[in-house]
Amino acid sequence: PGATLAAVVVLGSARVSITGVAIGGAHAAGVQVAERAQVLMEYCKISSPTTHGVAVGGQGHVTLVGCEVHHCGESGISVTERSTVDVASCTISDNASGHGVSLGTSGACTLRGCLVTRNGRNGVVVAGRVQSKAPRVP
C-alpha cells in the first residue's frame, strides 16, 4: 500500500484501545482503520486533520465513546467498504467542508447520545447501499 500521513493508522487483525489522547493537525486522517482492524477510542479529541477525523474502510470496526471530533478538512467520521462504527456520547462538529458522519459503500454506523452540529454539509449522509435499523418510536 501507498504511504499515509494519518496520525494513527491501524491495519490488519490489530485490536487497539486508545484512551484520553488528543490527536491534532494530521496531514491526512486523524485516525485511519482498515483491513479488519478493531479500535476502541474513549475520551479522545480528534481535531484539524486535512481529511477525515476518523476514516474506517476495509471491513474495519471502530467504537468511539465520549470523544470529540471537530474542525476536520472533510467529514468528521467516514465509514465505507463494509466497515462499522459505533459512536456513543460523542460530539462531531465544525467540520466546515464535510459532513458530520458520512456512510458510503456498505458502511454501517450507530449513533447514541451524540451531538452532530455545525458541519459544513449534512449532519449525517447515507450514500450507496447501506442498511440501517432504527428503533421503533412509540
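Cut-offs applied
Residues numbered from 1 in each chain as written. Predicted model: local features only at pLDDT ≥ 70, side-chain atom pairs only at ≥ 80, totals over all residues. Heavy atoms only, no water. Patch = residues over 30% accessible without salt bridge, like charges linked within 9 Å, V, L, I, M, F, W, Y side chains within 5 Å. Areas by Shrake-Rupley, 256 points an atom, 1.4 Å probe, with all protein chains shown as cover. Salt bridge = Lys/Arg side-chain N within 4 Å of Asp/Glu carboxyl O. Helix = DSSP H or I, 4+ residues; strand = E, 2+ residues; numbered from the N terminus. Buried < 20%, exposed > 50% of the residue type's maximum accessible area, 1.4 Å probe, protein only. Contact = heavy atoms within 4.5 Å.

Chemist: Explain a nonpolar patch on the surface to me, please; I cannot follow it from the model alone.
Modeler: Together, Leu111, Val124 and Val126 make up an exposed nonpolar region whose accessible area comes to about 230 Å². Relative to the assigned elements, Leu111 resides in strand β14 (residues 108-112). Judged by its relative accessible area of 34%, Leu111 is partly exposed.

Chemist: Please clarify how the pattern of salt bridges should be interpreted in this entry.
Modeler: Side chains that differ in charge, positive against negative, can pair when their charged atoms come close. Scanning the model with the defined rule gives one salt bridge in all. Ionic pairing is found between Asp94 and Arg118, a salt bridge with its closest N-O pair at 2.9 Å. In this pair, Asp94 sits in the loop between β12 (91-93) and β13 (101-103) while Arg118 sits in the loop between β15 (115-117) and β16 (124-126), placing the two residues 24 residues apart along the sequence. A relative accessible area of 18% places Asp94 in the buried class. Under the relative-accessibility criterion, Arg118 is labelled exposed at 57%.

Chemist: Please clarify how the environment of Val62 should be interpreted in this entry.
Modeler: Residue placement: Val62 occurs in strand β8 (residues 61-65). For the pair Val62 and Val79, spaced 17 residues apart in sequence, the C-alpha to C-alpha distance is 9.6 Å. When near neighbours in sequence (up to four residues on either side) are disregarded, Val62 contacts Val33, Val39, Val54, Val56, Thr84, Val85 and Asp86.

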